[in-house]
Amino acid sequence: MNCNRLVNPPTLALALALAPAPGVSAADIRVRTGDDFVEVETDALVARMRTKGYVSGTAAGGLLDKKTQARDLGFGLHVMDFLLAPGWRDDGYLRERKYHGELPKHYVEGPQVCTKAKELRPTISRGQDFVAVTFRFTFTEPGRGYKAGSTWEQTLVFQPGLRYYLSAEAITSANTVDDLFYRIDMPGHIRHTAGDTFEQVYLSYRDGPIPAAEFREDFPPDARFLYQRKEGQVPERMIRAYQVKLGGKPGPWLAGMTLDPAATSEAWCHQRGYVCFIQELHRRPVKAGETFGAAYVVGWFDDIRQMHAVYDRYKGKTRIVLGRDSFELK
């Protein structure tokens, strides 16, 4: 497959973290389907995706790292919400500060995909050494002054030997909007009680990890750890991660990496009964019929150095293109 059209090859010491296992094909990847799920199993991961109920991305606790037996701690990974624009309107978007802070926004199109789409029918693709799962949805609830009909497509790609998956979304807007953005969970929220499930949080746009003790008390998104894109100040990497606890001890890291760091317009990491990892992307003028989106790495890592190496391998990519039996990260 042609995904390996990537520059700056890694050092040999990190090659196992960056490349699919040699001599393993898609035939070695198991795909199981049921009435409300798709599950993909490689030699390194088990990933479950819900097709009914709470949908999009991988399901809550559904990403198993075979190396350590760790699972994600939230409600799902790379979960999709809705389309937004700046400024308050009386449209049901909550103004309660603990949820949304003093960050005025309004709905462009809904519903919230994860909670209200109810069902997403997957398309499963196999190539020589990968399996891809694609979900699609058309928005049906326009905000005031907008029309419905924007489309969202999400692709998740699983490869042998890798403890992470590649993912991307592509949104085609039904509206012309001066400042359009969309919201996702990236990587995903952290359920905990007084920091009992995780050791620390890493945000690549801040200096040093943040200990779990910083999230014992609730605080709004604009109080602490808020990222907002500023002209000329885009960080080198956009990585958001947390280190799980296993048996009460520090375990592996679960990371979500936005491969074009300039794609992220705003990112929250606040406490509201759980650690809330909201991320918003694009926030640029969009014309009706225009398509935009981003690409990601989501999965497990031993340490921050390994995260950086994987990020730098794929940095700058913005979409996944599926062929008949191949895929390309462009």
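Residues numbered from 1 in each chain as written. Predicted model: local features only at pLDDT ≥ 70, side-chain atom pairs only at ≥ 80, totals over all residues. Heavy atoms only, no water.

## Let's talk about the overall build of the protein chain
Scanning the protein chain from N- to C-terminus turns up four helices and 29 strands. Relative to its length of 330 residues, the protein chain is compact, with a C-alpha radius of gyration of 19 Å against a globular reference of 20 Å. Counting only residues that meet the buried cut, the protein chain has 55% of its 330 residues in that class. For the protein chain, the share of sequence-separated contacts (at least 6 apart) that also reach a separation of at least 24 residues comes to 67%. Summed over all atoms, the accessible surface of the protein chain reaches about 13,800 Å², with 46% contributed by carbon and sulfur. Here the protein chain carries 44 positive and 40 negative side-chain charges, and the mean point of each set is 2 Å from the other. (Helix = DSSP H or I, 4+ residues; strand = E, 2+ residues; numbered from the N terminus. Rg over C-alpha atoms; globule rule 2.2 N^0.38 Å. Buried < 20%, exposed > 50% of the residue type's maximum accessible area, 1.4 Å probe, protein only. Contact = heavy atoms within 4.5 Å. Areas by Shrake-Rupley, 256 points an atom, 1.4 Å probe, with all protein chains shown as cover. Lys, Arg positive; Asp, Glu negative; His and termini not counted. Charge placed at Lys NZ, Arg CZ, Asp CG, Glu CD.)

## A closer look at the pattern of salt bridges
If you walk through the whole model with that rule in mind, you get 19 salt bridges. For Glu41, the salt bridge is made with Arg32, and the minimal N-O distance between the two is 2.7 Å. For Arg32, a relative accessible area of 30% corresponds to the partly exposed category. Note that Glu153 is salt-bridged to Arg136, the shortest N-O span being 2.7 Å. Highlighted residues: Glu153 in strand E15 (residues 151–158) and Arg136 in strand E13 (residues 131–138), separated in sequence by 17 residues. Counted as one network, the salt bridges with shared partners bring together Arg32, Glu39, Glu41, Arg48 and Lys66. (Salt bridge = Lys/Arg side-chain N within 4 Å of Asp/Glu carboxyl O.)

## Quick word on unusual backbone geometry
For the bond from Gly110 to Pro111, the omega torsion is 10 degrees, close enough to zero to count as cis. Of note, Pro111 is situated in the loop between strand E10 (105–110) and helix H3 (113–116). Each neighbour pair has its own omega, and for Met186 with Pro187 the value is -5 degrees, a cis peptide bond. Secondary-structure assignment places Pro187 in the loop between strand E17 (177–185) and strand E18 (198–203). Positive phi, close to 50 degrees, is recorded for His78, a residue that is not glycine. Note on placement: His78 falls in the loop between strand E8 (76–77) and strand E9 (79–86). Relative accessible area serves as the criterion here: at 0%, His78 is assigned to the buried category.

## Side note on the sheet that holds strand E26 (residues 278–286)
Overall, antiparallel pairing links the seven strands, which are arranged E14-E10-E9-E17-E26-E23-E20 in an open sheet. In this open sheet, the two strands that pair with only one neighbour each are strand E14 (141–142) and strand E20 (227–228). Pairing of E20 with strand E23 (residues 264–267), which is carried by two bridges, proceeds in the antiparallel orientation. Bridge pairing in E23 links Gln228 to Glu266. (Pairing = 2+ DSSP bridges.)

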